[in-house]
Amino acid sequence: MQRYFVPPEQLSGNLARLTGDDAHHLAKVMRAEPGEEIIVSNGLDREVLARVTVIDKGLVEAQVTEELPMDREAAVEVWIAQSLPKGDKLETVIQKCTELGADRFIPFLSKRTVVQYDEKKEAKRLERWGKIAKEAAEQAHRNRVPAVDGPVGWKQLLALVKEADLTLFCYELENGLTLRELLAAQLAAPGVNGHRPRILVLVGPEGGFTEQEAGEAEAAGCRCISLGKRILRTETAAMAALACIMYEAGEMGVKS
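Residues numbered from 1 in each chain as written. Predicted model: local features only at pLDDT ≥ 70, side-chain atom pairs only at ≥ 80, totals over all residues. Heavy atoms only, no water.

Looking now at the sheet that holds strand S2 (residues 11-12). Sheet architecture is open: six strands sit in the order S1-S4-S5-S6-S3-S2, paired in mixed fashion. Whereas interior strands pair on both sides, the edge strands pair on one side only; in this sheet they are strand S1 (3-5) and S2. Sheet analysis places S1 next to strand S4 (residues 37-41), joined by three bridges and oriented parallel. Among the inter-strand pairings, Phe5 is bridged to a residue of S4, identified as Ser41. Packing against the sheet, helix H1 (residues 20-29) makes contact with S1, strand S3 (15-19), S4, strand S5 (47-56) and strand S6 (59-68), and its axis sits at approximately 95° to S3. (Pairing = 2+ DSSP bridges. Helix = DSSP H or I, 4+ residues; strand = E, 2+ residues; numbered from the N terminus. Contact = heavy atoms within 4.5 Å. Axes fitted to C-alpha atoms, helices over the stretch in contact; angles between N-to-C directions.)

Given below as structure tokens:
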């Protein structure tokens with residue numbers, strides 16, 4: 001069954017409305033007809049089953065038939081901070097990590113970032129990243145679309161550490177605590193201020209983090225971790241770390 005995220009004002013009372021690309025997708029790509037059922041979510045606090053009643057140019061209307069539970073989000077809140085990689089690798093990270101359950105993406109610039117950051121292109125890229133997150137969330141049948149921030153600098157990123165219950169700094173030279181040991185302690189404790197346990201994951205660029213950055217990260221409160229004996233590509237590291245977190249949190253068919 002097709003699922004769509006809409007702005008809250010397009011899911012009001014007993015009526016759900018799809019416009020723009022969503023309406024085009026349902027009408028022209030899926031070739032839906034009146035009477036078919038779809039799932040519509042406002043991405044905040046409401047998700048419904050609705051029956052299509054009107055299909056018009058650029059507009060689909062559906063009558064709400066059932067309220068659905070908002071129970072598909074993980075018990076742990078994970079933010080992925082990814083140093084801007086080359087090409088379309090960040091798009092892959094956003095797509096796959098959205099499927100796995102990430103709540104927020106924070107692209108950043110670090111010492112060895114090789115991408116030439118162009119502020120003029122930021123709005124267009126940010127729009128595309130947001131669309132990728134939305135489509136991946138719909139495909140994965142999530143209740144919410146992850147937030148995708150605009151790129152930030154290194155100091156701005158470290159300032160976010162205080163907002164997390166645990167910040168993991170992925171560093172190939174780390175040989176101390178394992179990811180599992182750190183997670184076991186954190187996931188056993190409730191999140192602060194009533195929110196889910198919040199974990200921030202920092203992943204470096206293709207050339208990795210510098211020793212200076214590792215020192216600054218630790219000073220800011222990050223915990224350095226290794227993802228194993230093998231060196232992972234930057235886009236693989238984020239997915240591997242997130243999968244491990246979800247496994248330990250009991251989100252992948254097991255209980256921690």
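Three or more residues of H1 are buried, namely Asp22, Ala23, Leu26 and Ala27. The arc that holds the buried residues of H1, viewed along the axis, is 110°, so those residues lie on one side. For H1, exposure combined with an orientation more than 90 degrees from the buried face picks out Asp21 and Lys28. Phi turns positive one or two residues past the end of H1, at Arg31, with a value near 50°. (Buried < 20%, exposed > 50% of the residue type's maximum accessible area, 1.4 Å probe, protein only. Arc of directions from axis to C-beta.)

This part covers the sheet that holds strand S11 (residues 198-203). Spatially, the six strands line up as an open sheet ordered S9-S8-S7-S11-S10-S12, and their pairing is parallel. Only two strands of the sheet have a single neighbouring strand rather than two, namely strand S9 (147-148) and strand S12 (223-225). Direction of pairing for strand S8 (residues 104-108) relative to S9: parallel, over a ladder of two bridges. The residue bridging Phe105 from the neighbouring strand is Val148, located in S9. Contacts between helix H5 (residues 179-187) and the sheet are confined to strand S10 (166-170), S11 and S12, with S10 contributing the most and set at about 170° to the helix.

To continue, consider the pairing of S5. Relative to S5, S4 runs antiparallel, the two sharing five bridges. Within the sheet, the bridge partner assigned to Ile39 lies in S5 and is Leu49. Hairpin connection of S4 to S5: five residues between the antiparallel strands, including Gly43 at a positive phi of 70°. With nine bridges connecting them, S5 and S6 associate as antiparallel partners. If you follow Asp56 over to S6, its bridge partner there is Leu59. Counting the residues that bridge the hairpin from S5 to S6 gives two residues, and of these Gly58 lies at a positive phi of roughly 75°.

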